[in-house]
Amino acid sequence: MSKTMIISTVMTLLLTLSFPIMLFRLKKRVNSVKKFSANNRNGAILHLYGKQVKIDGSSLVNVPFTTGKDLEIIVTVTPGQHTIEGIFESTETVGTKTRNVRTEKLSFNLSVEAGHSYSAALYFYSAEERADYYKGRTGKTILEIPLTIMEDSDYIKVYIIVYRED
């Protein structure tokens, strides 16, 4: 057998063995999120697509949280006004070019209600543009923060948008 054939066989074997393991981990994470949401239905559930997240000035050690299937941070907070702080990231592919955008550490106030699920993320399009594109199948826009970022002399406008998902 040639080296190429051996390498191909080993890679196929590795992928074949790792695929069920990855599916098992994803299913376990999805079940964990469902259980977390059921156990915390008296509060507001926040899906935060960011890093170095703080709620009301304190780290997540003081807040019930888990990791979602898209690796977002899911936290439960009490109803009312909260200050969310973190670094938000997103990636967009246009043709063959990929843009990775990361914000500086941002802080914003968010008012939430019990029994609802919210998501906060960085988007390349405004809430209105996204609603048009998805034919209104986006959540209710709670907060939209337009940001202008200068990256490699390209003018990039992004948005932090918080949706109420239910």
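In this report, the structure presented in the accompanying data block is examined. (Residues numbered from 1 in each chain as written. Predicted model: local features only at pLDDT ≥ 70, side-chain atom pairs only at ≥ 80, totals over all residues. Heavy atoms only, no water.)

## A short note on the pairing of strand S8 (residues 117–123)
Threshold: Relative accessibility under 20% of the residue-type maximum defines a buried residue, over 50% an exposed one, and the middle range a partly exposed one, all with a 1.4 Å probe and only protein chains included. Secondary structure counts use DSSP, requiring at least four H or I residues in a row for a helix and at least two E residues in a row for a strand, with both numbered from the N terminus. A pair of strands counts as paired when DSSP detects no fewer than two bridges linking them.
Burial analysis of S8 places 7 of its 7 residues in the buried class, the great majority of the element. Every second residue of S8 is oriented toward a common face, with Ser117, Ser119, Ala121 and Tyr123 on one face and Tyr118, Ala120 and Leu122 on the other, all of them buried. Bridge analysis of strand S1 (residues 44–48) against S8 gives 4 bridges, and the strand direction is parallel. Across the sheet, isoleucine 45 pairs through a bridge with serine 117, a residue of S8.

## Digging into the side chain of serine 90
Heads up, the rule is: Pairs of N or O atoms within 3.5 Å make up the polar contacts considered here, provided that, within protein, one atom can donate a hydrogen while the other can accept it, and that residues adjacent in sequence are counted only when both atoms are side-chain atoms. Any two residues whose heavy atoms approach within 4.5 Å at even a single point are treated as in contact.
Relative to the helices and strands, serine 90 is located in strand S5 (residues 80–94). Polar side-chain contacts of serine 90 include one of 3.5 Å to the backbone oxygen of leucine 122. What serine 90 contacts, discounting residues up to four positions off in sequence, is Arg99, Asn100, Val101, Leu122 and Phe124.

## Some remarks on the nonpolar core
Under the convention used in this document: Throughout this description, the term nonpolar core refers to a set of buried Ala, Val, Leu, Ile, Met, Phe, Trp, Tyr and Cys residues connected via side-chain atoms within 4.5 Å.
Within the largest apolar cluster, 25 residues are counted, with the highest numbers of intra-cluster contacts made by Leu46, Leu48, Ile55, Val75, Val77 and Phe108. Counting only elements with at least two residues in this core, the list comes to S1, strand S2 (50–55), strand S4 (73–77), S5, strand S7 (106–112), S8 and strand S10 (154–164). In terms of residue count, the dominant contributor to this core is S7 (4 residues). If we skip the residues at most four places from it in the chain, valine 75 touches Phe36, Ala44, Ile45, Leu46, Leu48, Ile55, Leu60, Val63, Pro64 and Phe65. Core analysis: the next-biggest nonpolar cluster, separate from the first, contains 6 residues, Ala121, Tyr123, Ala127 and Tyr163 among them.

These values are about where atoms sit, not about what they do.
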